[in-house]
Amino acid sequence: MSDNLTMTRTATIAVLVENEAGILARVVGLFSGRGYNIESLTVAPVDEEKRLSRITVVTTGTDMVIEQIKAQLDRLVPVHRVNDLSLGGAHLTRELALIKVIGTGDKRVEALRLADAFRARVVDATTESFVFEMTGNAEKIDAFCSLMRPLGLAELSRTGAVAIARGTAHMAA
């Protein structure tokens, strides 16, 4: 019988930090130094006046490991707030992907048909290739890419997850 101490889960952790040189390296160092895996990592400034950036990290581990990660992140000096969005109720997670598909004839037509069904937007086209732009959760992007592979998927670039709580819940400095 498994319990929550040994079951692995995926956590989406939002970290509000001072926008200063070296903070991302310190966060990544915390993960690598302890052998924690980062599945996705995004960072961008969110408040220029207060000089704050938001880091979104997707990781996996047992509940105990996730709690250790959050506690260690919270102890880093330029960190203002740590929030495990996967525990805090409903939240939205999205990625952006650019997907290059090379093909002609029927494969090209099928790629366009599937792109329409998945609401992927053509952002570049030549007579032999397309670059599609798609936003959505990781599962949607994974599904689209798996359908594009036999049609000529040549290259893929993904942003990683960004996430935000639904409703009135928010992160404040």
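Everything below is about the structure printed above this text.
Residues numbered from 1 in each chain as written. Predicted model: local features only at pLDDT ≥ 70, side-chain atom pairs only at ≥ 80, totals over all residues. Heavy atoms only, no water.

(A) A look at the overall build of the protein. On a plain count of helices and strands, the protein comes out with four helices and nine strands. A principal-axis box enclosing the C-alpha atoms of the protein has dimensions of 55 × 50 × 35 Å. The buried share of the protein, reckoned over its 173 residues, is 35%. When contacts within the protein are restricted to residue pairs at least 6 apart in sequence, long-range pairs at least 24 apart make up 73% of them. Total accessible area on the protein is roughly 10,000 Å²; 52% of this is exposed by carbon and sulfur atoms. (Helix = DSSP H or I, 4+ residues; strand = E, 2+ residues; numbered from the N terminus. Buried < 20%, exposed > 50% of the residue type's maximum accessible area, 1.4 Å probe, protein only. Contact = heavy atoms within 4.5 Å. Areas by Shrake-Rupley, 256 points an atom, 1.4 Å probe, with all protein chains shown as cover.)

(B) The sheet that holds strand β4 (residues 79-84), seen in detail. Taking strand neighbours across the sheet as the criterion, the four strands line up as β2-β3-β1-β4 in an open arrangement whose pairing is antiparallel. Each end of this open sheet is capped by a strand with a single partner; those strands are β2 (38-47) and β4. Averaged over all pairs of adjacent strands, the angle between strand axes in this sheet comes to 20°, irrespective of strand direction. Where β2 meets strand β3 (residues 52-61), eight bridges bridge the pair, whose relative direction is antiparallel. Residue Ala44 lies in a different strand from β3, and its bridge partner there is Arg54. Sheet strands in contact with helix α1 (residues 23-33) are β1 (9-18), β2 and β3, and its direction is about 155° off that of β2. (Pairing = 2+ DSSP bridges. Axes fitted to C-alpha atoms, helices over the stretch in contact; angles between N-to-C directions.)

(C) Layout of helix α3 (residues 106-117). In this model α3 runs 17 Å from its N-terminal to its C-terminal C-alpha over twelve residues, within 8% of the 16 Å that 1.5 Å per residue would give. Residues Ala111, Leu114 and Ala115 constitute the buried set of α3. Axial view of α3: buried residues confined to an arc of 105°, hence all on one face. Facing away from the buried side of α3, by more than 90 degrees, are the exposed residues Asp106, Val109, Asp116 and Ala117. Those residues of α3 that are buried are in contact with β5 (91-102), β7 (129-136) and α4 (138-148). (Expected span 1.5 Å × (residues − 1). Arc of directions from axis to C-beta.)

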